[in-house]
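So the chains spell out like this:
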Amino acid sequence: MKRLDLPLARNARGTIQLPGSKSISNRILLLAALAEGTTQVHELLASDDTARMLEALDKLGVSIAYSGGNDYRVTGCGGKFPVATAELFLGNAGTAFRPLTAALAVMQGHYRLSGVPRMHERPIGDLVDALRQLGADITYLGNAGFPPLEIKPAILHTHEHIQQITVKGDVSSQFLTGLLMALPLTGTESIITVIGTLVSQPYIQLTLAQMQRFGVQVVRDDWHRFIIPPQQRYRSPGRIFVEGDASSASYFLAAGAIGGGPVRVQGVGRDSTQGDVRFADALAMMGADITFGENWIEACNKGKPLQAIDLDCNAIPDAAMTLAVAALFAQGTTTLRNIASWRLKETDRLTAMAVELRKLGAGVEEGMDFLRITPPEQSFIPGVAIDTYDDHRMAMCFSLISFAAPVYINDPDCVAKTFPDYFEKFSRITYPA
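Residues numbered from 1 in each chain as written. Predicted model: local features only at pLDDT ≥ 70, side-chain atom pairs only at ≥ 80, totals over all residues. Heavy atoms only, no water.

Q: Give me the environment of Thr-50: which residues, what numbers.
A: With respect to the helices, strands and loops of the structure, Thr-50 is situated in helix α2 (residues 48-59). Given a relative accessible area of 1%, Thr-50 falls into the buried group. Taking the C-alpha atoms as reference points, Thr-50 and Ser-23, separated by 27 residues in sequence, lie 9.4 Å from one another. Look past the residues within four positions of Thr-50 in its chain and what remains in contact with it is Ser-25, Asn-26, Leu-29 and Leu-45. (Helix = DSSP H or I, 4+ residues; strand = E, 2+ residues; numbered from the N terminus. Buried < 20%, exposed > 50% of the residue type's maximum accessible area, 1.4 Å probe, protein only. Contact = heavy atoms within 4.5 Å.)

Q: Account for the sheet that holds strand β11 (residues 189-195), naming residues and giving values.
A: Pairing in this open sheet of four strands is mixed, and the strands run β10-β11-β13-β12 from one edge to the other. Each edge of the sheet is formed by a strand with only one pairing partner; in this case those strands are β10 (162-168) and β12 (219-221). Adjacent strand axes in the sheet meet at a mean angle of 15 degrees, parallel and antiparallel pairs treated alike. Pairing between β11 and strand β13 (residues 225-228): four bridges, direction antiparallel. (Pairing = 2+ DSSP bridges. Axes fitted to C-alpha atoms, helices over the stretch in contact; angles between N-to-C directions.)

Q: Help me get a handle on the side chain of Thr-95, residues and values and all.
A: Topologically, Thr-95 is positioned in helix α3 (residues 94-105). Reaching out from Thr-95, the side chain makes a polar contact with the side chain of Asn-26 at a distance of 2.9 Å. Those residues in contact with Thr-95 that lie beyond four places of it in its chain are Lys-22, Asn-26, Asp-49, Met-53 and Gln-174. (Polar contact = N/O pair within 3.5 Å; in protein donor to acceptor, adjacent residues only side chain to side chain.)

Q: Tell me about the pattern of salt bridges, and name the residues and values.
A: Note on pairing: side chains with opposite charge can pair once their charged atoms come close. Under the criterion given, the structure shown has 22 salt bridges. The salt bridge partner of Glu-36 is Arg-235, with a shortest N-O separation of 3.9 Å. Within this pair, whereas Glu-36 is found in the loop between α1 (22-34) and β3 (38-42), its partner Arg-235 is found in the loop between β13 and β14 (239-241), the two being separated by 199 residues in sequence. The exposure class assigned to Glu-36 is partly exposed, which follows from its relative accessible area of 32%. Given a relative accessible area of 41%, Arg-235 falls into the partly exposed group. Close ionic contact of Asp-49 with Lys-417 constitutes a salt bridge, the shortest N to O distance being 2.7 Å. With a gap of 368 residues between them, Asp-49 in helix α2 and Lys-417 in the loop between β25 (407-410) and α12 (422-429) connect regions that are remote in the sequence. Residue class for Lys-417 comes out buried when judged on its relative accessible area of 8%. Taken together, the salt bridges that share partners define one network made up of Lys-22, Asp-49, Asp-318, Glu-346, Arg-349, Asp-391, Arg-393 and Lys-417. (Salt bridge = Lys/Arg side-chain N within 4 Å of Asp/Glu carboxyl O.)

Q: Pulling in residues and values, what's your account of the packing of α1 against α2?
A: As a packed pair, α1 and α2 sit with axes 9 Å apart at the nearest point and diverge in direction by 10 degrees. One element, α1, and the other, α2, form an angle in the roughly parallel class. Across the interface between the two elements, Lys-22, Ser-25, Asn-26, Leu-29, Leu-30 and Ala-33 from α1 touch Asp-49, Thr-50, Met-53, Leu-54 and Leu-57 from α2. (Parallel < 35°, antiparallel > 145°, perpendicular 65-115°, else oblique.)

Q: Kindly report on the side chain of Ser-25, identifying the contributing residues and their values.
A: Along the chain, Ser-25 turns up in helix α1. For Ser-25, a relative accessible area of 0% corresponds to the buried category. One polar contact links the side chain of Ser-25 to the main-chain carbonyl oxygen of Ser-21, over a distance of 2.7 Å. Those residues in contact with Ser-25 that sit more than four places away from it in its chain are Gly-20, Leu-44, Leu-45, Thr-50 and Val-242.

Q: Residues and numbers for helix α8 (residues 279-286), please.
A: Among all positions in α8, only Phe-279, Ala-280, Ala-282, Leu-283 and Met-286 are buried. Angularly, the buried residues of α8 cover 155 degrees about the axis, an arc narrow enough to put them on a single face. Two residues or fewer past α8, Gly-287 is found with a positive phi of approximately 115 degrees. (Arc of directions from axis to C-beta.)

Q: For the packing of aromatic side chains, give the residues involved together with the corresponding values.
A: Within this structure, the stated rule accounts for nine aromatic pairs. Taking 6.0 Å as the distance between ring centres and 55 degrees as the angle between the ring planes, the aromatic pair formed by Phe-252 and Phe-419 counts as tilted. You can see Phe-252 sitting in helix α7 (residues 246-259) and its partner Phe-419 sitting in the loop between β25 and α12, a full 167 residues away along the chain. Both residues of the pair, Phe-252 and Phe-419, belong to the buried class. Taking the centre distance of 6.1 Å and the plane angle of 80 degrees together, the rings of Phe-403 and Phe-426 count as edge-to-face. With a gap of 23 residues between them, Phe-403 in the loop between α11 (392-398) and β25 and Phe-426 in helix α12 connect regions that are remote in the sequence. Judged by its relative accessible area of 2%, Phe-426 is buried. A network of ring pairs unites the aromatic residues Tyr-251, Phe-252, Phe-403, Phe-419, Tyr-422, Phe-423 and Phe-426 as a single cluster. The cationic tip of Arg-264 hangs over the ring face of Trp-296; the distance from NZ or CZ to the ring centre is 3.6 Å. (Phe/Tyr/Trp six-rings, centres within 6.5 Å; stacked < 30°, edge-to-face > 60°. Lys NZ or Arg CZ within 6 Å of the ring centre and 35° of its normal.)

Q: Explain the pairing of strand β7 (residues 110-114) residue by residue, including any values.
A: Burial along β7 is one-sided: Tyr-111 and Leu-113 are buried, and none of His-110, Arg-112 and Ser-114, which face the opposite way, are. Across five bridges, strand β6 (residues 85-89) lies against β7 in parallel orientation. Within the sheet, the bridge partner assigned to Ala-86 lies in β7 and is Tyr-111. Where the polypeptide runs from β6 across α3 and back to β7, its parallel neighbour, the crossover connection is right-handed. (Right-handed = clockwise from strand over helix to strand, strands pointing away.)

Q: Describe unusual backbone geometry, with residues and values.
A: That bond from Pro-147 to Pro-148 is cis: its omega, 5 degrees, falls within 30 degrees of zero. Positionally, Pro-148 belongs in the loop between β8 (137-140) and β9 (149-152). The peptide bond linking Gly-261 to Pro-262 adopts the cis configuration, its omega dihedral lying at 5 degrees. With respect to the helices and strands, Pro-262 occurs in strand β15 (residues 260-266). Of note in this structure, Gln-231 is not a glycine but carries a positive phi near 55 degrees. Judged by its relative accessible area of 65%, Gln-231 falls in the exposed class. Positive phi is not limited to glycine here, since Asp-390 has a value of about 55 degrees.

Shown next, in the form of structure tokens:
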């Protein structure tokens, strides 16, 4: 197994241009493919997840032309994919698998969707149950409630005046995202009722914002009811830019807070539609100095020690992982709450995080939906080898340990899922003294 040696770093300073947002990139690709007209997409994230979406859309007959840099020209298919029979491999890309499942389920085609073994352990039953309410024909090819899936031509209930759908909201916001993006394709008024507490609400706000950019409006009644008016079609906005990734910003902002700074990230700012920009507010609660610009955020620490926090992390599920490592540099015990969704990600992140933090000498209490972290009583254990579980965020989070002790990162190439050159950029802002 490949291993990366990160030497001890004492200071962090510099400016980083963020890669495009994974969540926005894959949403825009799918919406551009479904829209009428041609969309020039700028600053698309180059990663494994977007590669899986691009491959899938190509197999479905969507014309996608590379324009150089991180730009693509997508010719939309007007609401129906040209290829009616296809087998799609989507790796471990939840932002591709869930929305594509919903879109394909309302079309008159025959499709099989699969992924890596971990994807086949990530639940999709709540989305399938909701789609079956519409008349979708979906079969589990393995364990019930999980991929891989077979989708056959749907017999939709479009003769009904209004389609009423319910979906559970406490497992993954991607289920609701898939429904929201797919239902306008039916042309019928649809009402989605969310059962239970909706996790990761900012990701739904992100979905609604991208749909609006492609001309589809959704009426939201709090976070429990979503109304999609009838006879709407996706229409290309012509040109669209992908915002920088707020989750990826968290590692550099935390470096500024831990290593003195200032560290500035460019590509995301005060008016971002991404929920993970609130990570910067969490750092401010810990005592870091945070400054927001229109298209940048900066973090530094003027010599005062960080302080432990107790935080509900429902709105920042991905960036909250960075807080778990930052907690090792804070005085007191940090509690991160409402993070049960971690267990259903690329790995069981709650358990994985607890195991790796304990290797460093931290005190960790792992609950069903919370993590309580106390820094090591004395110094960090040096030279620890951090296992990453084929999870990009585990690798990136634990790079911050280098501000306390030399650390090894096992399988560092897993960052290719969202940020292939992460460690190169991390090295640009870290200094030994």
